[in-house]
Amino acid sequence: MTAIGRRQIIMVADPAALAQAAAERVLARMAGNSGRIAICLTGGSSPKALYQLLATEPYRARIPWDRAHWFIGDERFVPVGDPRNNMAMARETFLDRCAPAANIHPIPTDAAASPDEAAERYARELQSFYGAEALDAAEPLFDLVLMGVGPDGHTASLFPNYPAIEETSRWVVGVPKAHVEPFVPRVSLTLPTLSCCREMLFEVAGKEKRAILTRVFAGENLPANRAQSIGETVWLIDEAARPENFRG
Ligand code: 6PG
């Protein structure tokens, strides 16, 4: 394990080991909270193996499903029935089989007329869950926030040089245009909201991630570098994604 700034980097052999390591971290965070648990999921392809594991023994039996609440860090502004919908993927992969419906908190793309309206509604839902309209570092909103990194260094739907990355007051924002595929409008939690967690966990696997990881580790000003937890920030990386000069 290596530390760069406040970030811990954990190398694993391959995507299967990465999913297992991530599942263990999710369970450890849950075990550390005897009350209501909040997990913020992510979209993209990287977390799918983790989601499958969480629905499988021995992990499934170790999760206090009645106390665990599931949110999503960003959403593509498409109907729930669209295969590009992030929460729909998580629901199909594990939540619908395991979690009580009332504990699943999707971004309301169907019920809202625009990404901005969906963002406002989701902000209200998060605030009502949290019990306050201002975030307090002494009371993290999430136990764990899962993240991925895109080829341009975006994370959640916070793209490089977009105004959303500078947002300091709103909890959730509409993003009218995506910087990478799928080119649909997005809704994203902002950096202050995502960072209000006990642990932020990035999952990065595959050789196609090597180029962007090299830039991230060089300290470039990219959304994925700016996303840091007020608690622990952990990057789980597999061998194929390891930048050439990185010795972790
Ligand atoms: C999204 C995601 C996004 C994702 C990265 C990595 O809606 O697309 O939330 O931030 O995590 O783009 O995606 P992959 O896991 O598919 O590489």
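Before reading further, recall that the structure is shown in the block above.
So, a few notes on the structure that sits alongside this text. (Residues numbered from 1 in each chain as written. Predicted model: local features only at pLDDT ≥ 70, side-chain atom pairs only at ≥ 80, totals over all residues. Heavy atoms only, no water.)

## Structural notes on the site of the ligand
No. 1: Surrounding the ligand, one finds 16 residues, the nearest of these being S45, S46, D74, A156 and K209.
No. 2: One nitrogen or oxygen atom from the side chain of S46 is found 2.5 Å from an oxygen atom belonging to the ligand.
No. 3: Between an oxygen atom of the ligand and a side-chain N or O atom of H154, the distance comes to 2.8 Å.
No. 4: Relative to its unbound accessible area of 410 Å², the ligand is 88% covered by the protein chains.
No. 5: Its atoms largely coinciding with the cavity grid, the ligand occupies the largest pocket.
No. 6: A class-by-class count of the residues in the shell around the ligand yields 2 nonpolar, 10 polar and 4 charged. (Near = heavy atom within 4 Å. Polar contact = N/O pair within 3.5 Å; in protein donor to acceptor, adjacent residues only side chain to side chain. Areas by Shrake-Rupley, 256 points an atom, 1.4 Å probe, with all protein chains shown as cover. 1 Å grid on protein atoms, 1.4 Å probe; cavity = no way out; pocket = protein on both sides within 12 Å on 5 of 7 lines; lining within 4 Å. Sits in = over half its atoms within 2 Å of the grid points. Nonpolar A, V, L, I, M, F, W, Y, C, P; charged D, E, K, R; others polar.)

## Quick word on the packing of aromatic side chains
No. 1: By the definition in use, this model includes 12 aromatic pairs.
No. 2: Geometrically, the ring pair formed by Y130 and W171 is edge-to-face, given 5.9 Å between the ring centres and 70 degrees between the ring planes. You can see Y130 sitting in helix 5 (residues 115-130) and its partner W171 sitting in the loop between strand 6 (142-147) and strand 7 (172-175), a full 41 residues away along the chain.
No. 3: A network of ring pairs unites the aromatic residues Y51, W65, W70 and F94 as a single cluster.
No. 4: R36 extends its terminal NZ or CZ atom over the ring of F129, reaching a point 3.5 Å from the ring centre. (Phe/Tyr/Trp six-rings, centres within 6.5 Å; stacked < 30°, edge-to-face > 60°. Helix = DSSP H or I, 4+ residues; strand = E, 2+ residues; numbered from the N terminus. Lys NZ or Arg CZ within 6 Å of the ring centre and 35° of its normal.)

Scope: geometric values only; no functional claims are made or implied.
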